[in-house]
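What the coordinates show
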Amino acid sequence: MDKRAVFKSWWLPILFALPQIALILLFFYWPAVAVMRWAFTLEPPFGGAAEFVGWANFQDVFADPFYWNSVGVSLIFAFCGTASTIVVGLVLALAVDRQLPGSGLFRFLYILPYAIAGPAAGMAFRFILSPERGLMASVNAVFPDFWNPAKYGSHALVLVIVIFAWKWAGYTFIFLLAGLQSVPRALTEAAAMDGAGPIRRAVDIQIPMLAPTLFFLLVIMMTEGFVGADTFGIVHHTTGGGPNHGTEVMVFRIVDEAFKGLNYSGASAQSIVLIGLIMVFTFIQFRFIEKRVHYK
Amino acid sequence: MKLSVIQSVLAGLLAATTLGASPAFAEKTKFEFWYGLSGDLSERVQDACKKFNESQADYEIVCTSQNGYDTTLQNTIAAYRAKKQPAITQIYDAGTLDLMLSGAFVPARKLMADNGYTIDWNNYFSGIANYYATSTGELNSFPFNSSTAMFYYNADAFQKAGIDFKPDTWEQVEEAARKLKAAGYECPLGFNFDPWPMLEQFSAIHNQPIATKANGYEGLDAELVFNKTKFVDHVKFFKKMADEKLFVVKTKQLGMDILPSFTSQTCQMIQTSIADHGTIGKTLPEGVKWDVAMLPVWKSTERQNSLVGGASLWVMAGRPEAEYKGAAAFLNYIATPEMAEWWSTVTGYIPVTKTGFDAMKAGGFYDKAPYKGRERAIESLAYTPTSQNTRGIRLGGFTQIRKEVSTSLEAIFMQNADVQAELDQAVERGNTVLRRFEKTYAGQKLN
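Small disclaimer: the values here were computed from a predicted structure and weren't measured. Numbering of residues starts from 1 in each chain and follows the order in which that chain's sequence is written. Following the order in which they are written, the chains are lettered starting with A and the ligands numbered starting with 1. Local features in this predicted model are restricted to residues whose pLDDT is 70 or higher, and side-chain atom pairs enter the listing and the counts only when it is 80 or higher, whereas totals over whole chains, interfaces and linings include all residues. Computation of side-chain values: all heavy atoms of the structure, hydrogens and water removed.

1. A word on the overall build of chain B
Elements are defined by DSSP. Helices are runs of H or I of four residues or more, strands are runs of E of two residues or more, and each kind is numbered from the N terminus. Regarding its fold elements, chain B presents 19 helices and 11 strands. What you see for chain B is a C-alpha radius of gyration of 24 Å, in line with the 22 Å of a compact globule of 447 residues. Along the three orthogonal principal directions, the C-alpha set of chain B runs to about 70 × 60 × 50 Å. When burial is assessed residue by residue, chain B has 58% of its 447 residues classed as buried. When checking whether two residues touch, look at their non-hydrogen atoms; a contact exists if any pair is within 4.5 Å. In chain B, 77% of the contacts between residues at least 6 apart in sequence involve partners at least 24 apart. To measure how exposed things are, a 1.4 Å probe is used in the Shrake-Rupley method; for residues, cover is taken only from the protein chains shown. By element, 53% of the accessible surface of chain B is carried by carbon and sulfur atoms, the whole surface being about 18300 Å². Counting 46 positive and 49 negative side-chain charges, chain B places the centres of these two groups 2 Å from one another. Radius of gyration: C-alpha atoms only; globule rule: 2.2 Å multiplied by the number of residues to the exponent 0.38. We call a residue buried when its accessible area falls under 20% of the maximum for its residue type, exposed when it is over 50%, and partly exposed in between, using a 1.4 Å probe and counting protein chains only. By the counting scheme adopted, Arg and Lys are positive, Glu and Asp are negative, and His together with the chain ends is not counted. Taken as the charge location is NZ of Lys, CZ of Arg, CG of Asp or CD of Glu.

The following block contains the structure:
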């Protein structure tokens, strides 16, 4: 029964893995080491002698009230963004899974937004939801400042989360739909015969059976919300971090400091804190949530 | 069908090989030039490069747009660290000090002297040259595309509102704004949170310091002081006007930035760069009368020269000797009066040399309709000899400082924050940037 093929030589598997290892070393470990080095020195932009400053860069980062502001903004963005993408994706997937007429078309349509680059979506929504010229302009004409992301940080945050959810709901949708299709039909059919409506079936059978997929999406979307390229792209192209630091997520702040402010060291220190934060989150997720998701 | 595809591919290959062979035959020295202009202006730079390549047989310049001033600086830095820097790069005003302290460039004067060109360095307008020169007046880079902030107004709207004066002072601007409002114009003056006209140009023409140590020219230990100058009153004035809905915020977040707000005739007055002169003329519907003036000053202020904006060309260190000969030839070529005139005509930028300006003036360039008014930018730049406060801004991390200021302005105008408190905060945070910059370049001196 237990007939496993075992490679005698150790170098052959390594040889096959070499391209991948080289890529990881080149594009992950090497930059990570450079970031570590920069975080403890004052790196002049054009290179040259960099003075070792110990923890000073970190102290500067932690002493800055706007840094903590960006941590808060990032947390709100990641939590709300994750929650809304998963909820929207789940509702859409449950609806399409019922295979009513037109399901095929809707399945196609719901995935589409995922194919659009975050910055492009951000640019489009900046126009669509602009307070003076967009869809909400007529509402604003009657109730002034009903919707004004250029004025209120909270509105601006809603704006970037909506764009994020709009794009990524397509991604969660496809995973959840695949998950739903692997739920045994016999279970839902039996429940239906016992008189359970679609909502009861979803709550009591389908969603619990989806737990592993939901957990996977939770980890992926949280990471995406914190450090994803779209998070930066969307914020950069809609609010630019404003108004008054209202949507300054951590990645935006890092890119801005490094490449606009040429403060490579401060940005490196912030990157390291962010990496640490992601590790903590992922650890918590695996340690405490993963245990509950397996069904027998 | 298939045959013709193969044929055309073969023809292309043949053409490519012959094309590839010809430069090798001529033994031209190739060198690179990176610039930040994009869109229409990028095309004009490409034209200049083409003209240079056709004008002589020894060198070939390869020009690449990096699509933005800040990306050009970032990419130049990354390339320099990887030892793949271009021979010439275009760096914007705010990046000047970063380049100066980098030690990664060949000073303009040295380059031209080494390669046997005699340049009359005094021919540059002092208002322009001083921004890029060392404190002793030596130019490190070549002023290239230069602009300054100007005041644009819709003359038709002025006439309809019965305004019979030009907005030379801010008092007159206020009066004009009230009349425009009374005549039913929703947005008399549009403004955004760009500190370039509001802080930098305002401070220069009112002879107010932005930072100590002559705005940073005399040492890296300069400190920001704009929270204690006339600038504070100016912001308070803007705030009052904004509260009365005479001055209206126009940003792209709200749906429309100031330039389209002017060209769509939503707003009747704006402050923006002279480089937009061409765009405004092209975009406003035909027949609409508009005019451009120097930025207004407060009454009974002795007007000073305004600051130059735009970018200069830096020659990077660490390239083969032959490329420097080419770079010097190119820089010499684009500084010729004919090229200077061509460049100013096709873009909105102003000529950077006195002879270039005089030649254009004598040729009647500024009398004709689409270019009329651009000479006022020169007038503004050369209004007085430069003072300590109007020589330029030599502060490290200035892009970041600009951002702190515009964030403060955003808080003041969008969220009703206290003017003094916000500007104090911008100064405090800006000073942190300066101190970090000073530490990063510890032991280096401004020369």
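2. Here we look at the interface of chain A and chain B
Each partner contributes residues to the interface: chain A has 38 residues there, and chain B has 32 residues. Salt bridges are identified by distance alone: a Lys or Arg side-chain nitrogen within 4 Å of an Asp or Glu carboxyl oxygen. Counting across the chain A and chain B interface gives 6 salt bridges. Across the pair Lys 403 of chain B and Asp 256 of chain A runs a salt bridge, and its minimum N-O distance is 2.7 Å. Pairing of N or O atoms within 3.5 Å defines a polar contact, subject to two protein rules: one partner must be a possible hydrogen donor and the other a possible acceptor, and residues neighboring in sequence count only if both atoms are side-chain atoms. The tally of links between chain A and chain B comes to 14 residue pairs in polar contact (both at pLDDT 80 or more). With 6 residues, the top contributor of residues to the side of chain A that touches chain B is helix α12 (residues 250-260) of chain A. Only Asp, Glu, Lys and Arg are considered charged in this grouping, and only Ala, Val, Leu, Ile, Met, Phe, Trp, Tyr, Cys and Pro are considered nonpolar; every other residue, Gly among them, is considered polar. Within the side of chain A that touches chain B, the residues separate by chemical class into 14 nonpolar, 12 polar and 12 charged.

3. Remarks on the domain arrangement of chain B
Residue and element names in this part refer to chain B. Just so you know, the domain bounds were taken from an automatic or database domain assignment. Looking at the assigned domains, one finds that chain B contains domain 1 (28-147 + 308-369) and domain 2 (149-306 + 396-440). In this structure, domain 1 and domain 2 have C-alpha centres spaced 29 Å apart. Counting residues at the interface gives 17 residues for domain 1 and 13 residues for domain 2. Defined here as a combined quantity, buried area equals the accessible surface (1.4 Å probe) lost by two parts on assembly, summed across both. In total, domain 1 and domain 2 occlude about 1200 Å² of area from one another, counting both sides; carbon and sulfur atoms represent 54% of this. Applying the counting criterion to the domain 1 and domain 2 interface returns 2 salt bridges. At the boundary of domain 1 and domain 2, one finds 5 residue pairs in polar contact (both at pLDDT 80 or more). For the side of domain 1 that touches domain 2, the secondary-structure elements that each account for two or more residues are α4 (96-102) and α6 (126-132). The element best represented in the side of domain 1 that touches domain 2 is α4, accounting for 3 residues.

4. Quick word on the packing of aromatic side chains
Aromatic ring pairs are defined here through the distance separating the ring centres and the angle between the ring planes. Residues and elements named next belong to chain B. Put simply, two rings from Phe, Tyr or Trp (the six-membered ring, in Trp's case) pair if the centres are within 6.5 Å, and we call them stacked under 30 degrees between planes, edge-to-face over 60, tilted for the rest. Under the counting rule described, the total for this entry stands at 56 aromatic pairs over all chains. Summarising the aromatic geometry, the rings of Trp 121 and Phe 142 are spaced 6.0 Å apart at their centres and angled 40° between planes, so their arrangement reads as tilted. Highlighted residues: Trp 121 in the loop between α5 (108-114) and α6 and Phe 142 in strand β5 (residues 142-147), separated in sequence by 21 residues. Judged by relative accessible area, Trp 121 falls into the buried class, the value being 15%. Members of the aromatic cluster, connected to one another through ring pairs, are Phe 151, Trp 170, Phe 191, Phe 193, Phe 237, Phe 238, Phe 247, Trp 298 and Phe 413.

5. Notes on the pairing of strand β11 (residues 309-316) of chain B
Residues and elements named next belong to chain B. Most of β11 sits inside the fold, with 8 of its 8 residues counted as buried. Criterion used throughout: strands pair if DSSP finds at least two bridges between them. As judged from the 2 bridges shared by strand β4 (residues 105-106) and β11, these two strands associate in the antiparallel manner. Within the sheet, the bridge partner assigned to Phe 105 lies in β11 and is Met 316. Where β5 lies against β11, 5 bridges are found, and the strand directions are antiparallel. The partner of Phe 142 across the bridge, within β11, is Leu 313.

6. Observations regarding the UniProt feature "transmembrane region" (unreviewed entry) in chain A
All names here are of chain A. UniProt annotation of "transmembrane region" (unreviewed entry) refers to residues 12-32, 75-96, 108-129, 156-180, 201-222 and 269-289 when read in the numbering used here. For the annotated span residues 12-32, helix accounts for 100% and strand for 0% of the residues, and the straight-line distance between the end C-alpha atoms is 28 Å. With 95% helix and 0% strand, residues 201-222 has end C-alpha atoms that lie 28 Å from one another. UniProt positions are given in the numbering used here, feature names are shortened, and annotations may be inferred rather than shown by experiment.

7. Observations regarding the UniProt feature "domain: ABC transmembrane type-1" (unreviewed entry) in chain A
In the numbering used here, UniProt assigns the "domain: ABC transmembrane type-1" (unreviewed entry) feature to residues 71-285 of chain A. In residues 71-285 of chain A, the share of helix is 76% and the share of strand is 0%. The end C-alpha atoms are 19 Å apart.

8. Quick notes on the packing of helix α9 (residues 195-205) of chain B against helix α11 (residues 230-243) of chain B
Residue and element names in this part refer to chain B. In this description, a line fitted to the C-alpha atoms serves as the axis of each element, helices being fitted only across the stretch in contact, and the angle between N-to-C directions of two axes falls anywhere from 0 to 180 degrees. Running from N to C, α9 and α11 point in directions that differ by 135°, and their axes come no closer than 10 Å. Between α9 and α11, the angle is such that the two are oblique. α11 is crossed by α9, and the crossing has right-handed handedness. Residues Met 198, Leu 199 and Phe 202 of α9 lie in contact with α11, whose contacting residues are Lys 230, Phe 231, His 234 and Phe 238. Looking at the contact of α9 with α11 residue by residue, the class counts come to 5 nonpolar, 1 polar and 1 charged. For classification purposes, angles smaller than 35 degrees are called roughly parallel, those larger than 145 roughly antiparallel, those between 65 and 115 roughly perpendicular, and all remaining angles oblique. A crossing counts as left-handed when the near helix is turned anticlockwise from the far one by less than a right angle, and as right-handed when that turn is clockwise.

9. Side note on helix α1 (residues 11-39) of chain A
An ideal rise of 1.5 Å per residue puts 42 Å on 29 residues; α1 of chain A reaches only 36 Å between its terminal C-alpha atoms. Note that the bend at a residue is defined as the angle between axes fitted to the seven residues ending at it and the seven residues starting at it. Where α1 of chain A bends most, the angle comes to about 55°, and this point is Ala 17 of chain A, followed within four residues by the proline Pro 19 of chain A. Between the first and last residue of a helix there are one fewer steps than residues, each counted as 1.5 Å, and that sum is the expected span.

10. As for the nonpolar core
Residues Phe 33, Phe 142, Phe 247, Met 269, Leu 331 and Phe 413 of chain B are the most contacted members of the largest nonpolar core, which totals 197 residues. In terms of residues, this core owes the most to one element, helix α7 (residues 153-181) of chain A, which gives 12 residues. Counting the residues that make up this core, at least three belong to each of domain 1 (28-147 + 308-369) and domain 2 (149-306 + 396-440) of chain B. When neighbours within four sequence positions are excluded, Phe 413 of chain B is seen to be in contact with Phe 191, Phe 193, Met 198, Val 235, Phe 238, Lys 239, Ala 242 and Val 249 of chain B. Here, nonpolar core means buried Ala, Val, Leu, Ile, Met, Phe, Trp, Tyr and Cys residues that are tied together by side-chain atoms lying within 4.5 Å of each other.

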